[in-house]
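Below are the chains, spelled out letter by letter.
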Amino acid sequence: MIKLFGISLLLVAIFMQVPSPEMRTGSPAVCPEMLLRVNPKDIQHSSDKCPEVDSDDFGTSQPWYQSLPKTNKKEEPKYKLREYDTCIPGLEKAIGCDSNADIKECDDGSYPIQRQIVDLEGLVVQQYSYCPGDPAPTLEGEAIKKEEIRVTPAMFRSFPIVESTIGSDPDGFSLRNGNTHFWASRRIQEFRSNMSGSDVRIRAIPIQWNWNYGDGSARNNNFPGEPDPQHTLHDQTPTSHVYEVTGKFSVGLTTLYRGEFSVDGGPWQSIPGQAAVPSTPITMDVWRTKKELIANE
């Protein structure tokens with residue numbers, strides 16, 4: 001009896017099919033090799049068949065969990081950059097542009113900017129002045145440290161600052177040797193920008209109006225003048241001009257704007273330099289007068 005029972009168990013073990021992996025787990029087949037290692041290629045596709053042991057799927061490719069190669073730590077910058085105005089148009093003589101005869105205007109009518117490169121202890125290692133468009137030299141091989149959000153002169157000039165409008169009394173014409181009254185608009189403009197996730201407000205404030213009257217004469221004023229509908233050619237004003245010859249003259253104007261910015265509602269900070277914004281010229285037609293005696297009959 002015991003022998004018959006043992007033979008029966010042996011026959012059952014031989015002829016009974018062993019359940020497939022799908023039948024045992026209810027999920028796709030899991031290859032034995034998969035239990036030990038994972039290849040990145042297998043993450044992108046699936047297969048019903050187990051790969052051959054010598055196939056590309058289990059070749060010499062590196063496992064996805066290997067450590068990344070070590071990179072050299074970024075070298076910290078060793079210098080800071082500081083910029084400030086050489087002079088400020090329209091202010092008192094102590095810091096005004098008229099206080100130093102050696103200060104020359106830039107080609108666009110603005111004034112040079114002083115730049116200092118200092119080390120982390122505050123010692124100046126390089127200093128120079130430059131105008132808009134000039135190449136700014138830097139220390140070769142060294143990064144300039146910029147710790148805070150700031151608006152550079154070049155960034156300030158890139159904003160769409162609206163030009164000043166030119167006006168005249170009389171409008172568009174005058175007489176030779178008469179006092180032609182000129183004036184310009186004055187408007188503070190504000191812009192917004194997002195810098196490194198911060199809300200930055202920028203103001204452009206007009207501070208100087210540089211006139212070119214078209215007859216070889218020019219004048220720089222720190223005020224724009226104002227309309228004067230009652231003006232006559234006999235009245236001299238702070239912004240009037242006298243044409244000594246007749247003809248048509250193109251009157252030009254360049255307005256200098258100083259800038260300031262505020263980060264996330266913080267205090268207003270000055271932007272070095274100025275933005276020189278030219279206006280659309282107007283044509284002034286200058287006539288001459290002729291006196292005649294008329295006899296009474």
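Residues numbered from 1 in each chain as written. Predicted model: local features only at pLDDT ≥ 70, side-chain atom pairs only at ≥ 80, totals over all residues. Heavy atoms only, no water.

Structurally, Met155 is set in helix H4 (residues 153-157). Look at Met155 and you get partly exposed, because its relative accessible area is 29%. Considered as a pair, Met155 and Ile271 are 116 residues apart in the sequence and their alpha carbons are 9.8 Å apart. In this structure, Met155 is in contact with Arg150 and Met195, ignoring residues within four places of it in sequence. (Helix = DSSP H or I, 4+ residues; strand = E, 2+ residues; numbered from the N terminus. Buried < 20%, exposed > 50% of the residue type's maximum accessible area, 1.4 Å probe, protein only. Contact = heavy atoms within 4.5 Å.)

This part takes up the pattern of salt bridges. Any two side chains of opposite charge can pair if their charged atoms end up close together. For the structure on display, the rule yields five salt bridges. Its salt-bridge partner being Arg203, residue Glu190 comes within 3.8 Å of it at the nearest N-O pair. Of this pair, Glu190 sits in strand S8 (residues 189-195) while Arg203 sits in strand S9 (residues 198-212), and the two are 13 residues apart along the sequence. By relative accessible area, Arg203 is classed as partly exposed at 25%. Across the pair Arg203 and Glu260 runs a salt bridge whose closest N-O atoms are separated by 3.0 Å. One end of the pair, Arg203, is in strand S9; the other, Glu260, is in strand S12 (residues 247-263), with 57 residues separating them in the sequence. In the salt-bridge network here, residues are joined through shared partners; they are Glu190, Arg201, Arg203, Arg258 and Glu260. (Salt bridge = Lys/Arg side-chain N within 4 Å of Asp/Glu carboxyl O.)

The next thing to look at is the side chain of His241. Within the element layout of this structure, His241 appears in strand S11 (residues 240-242). A relative accessible area of 9% means that His241 is categorised as buried. Within the structure, His241 has its side chain in polar contact with the side chain of Asp215 (distance 3.0 Å). Setting aside anything within four residues of it in sequence, one finds His241 in contact with Gly178, Asn179, Thr180, Phe182, Tyr213, Asp215 and Ser217. (Polar contact = N/O pair within 3.5 Å; in protein donor to acceptor, adjacent residues only side chain to side chain.)

Glancing now at unusual backbone geometry. Between Asp169 and the following residue, Pro170, the backbone shows a cis peptide bond with an omega angle of 0 degrees. Along the polypeptide, Pro170 turns up in the loop between strand S5 (166-169) and strand S6 (173-175). Unusually for a residue other than glycine, Asn177 sits at a positive phi of about 70 degrees. The residue Asp264 is not glycine, and still its phi comes out positive at about 50 degrees. Within the element layout of this structure, Asp264 appears in the loop between S12 and strand S13 (269-278).

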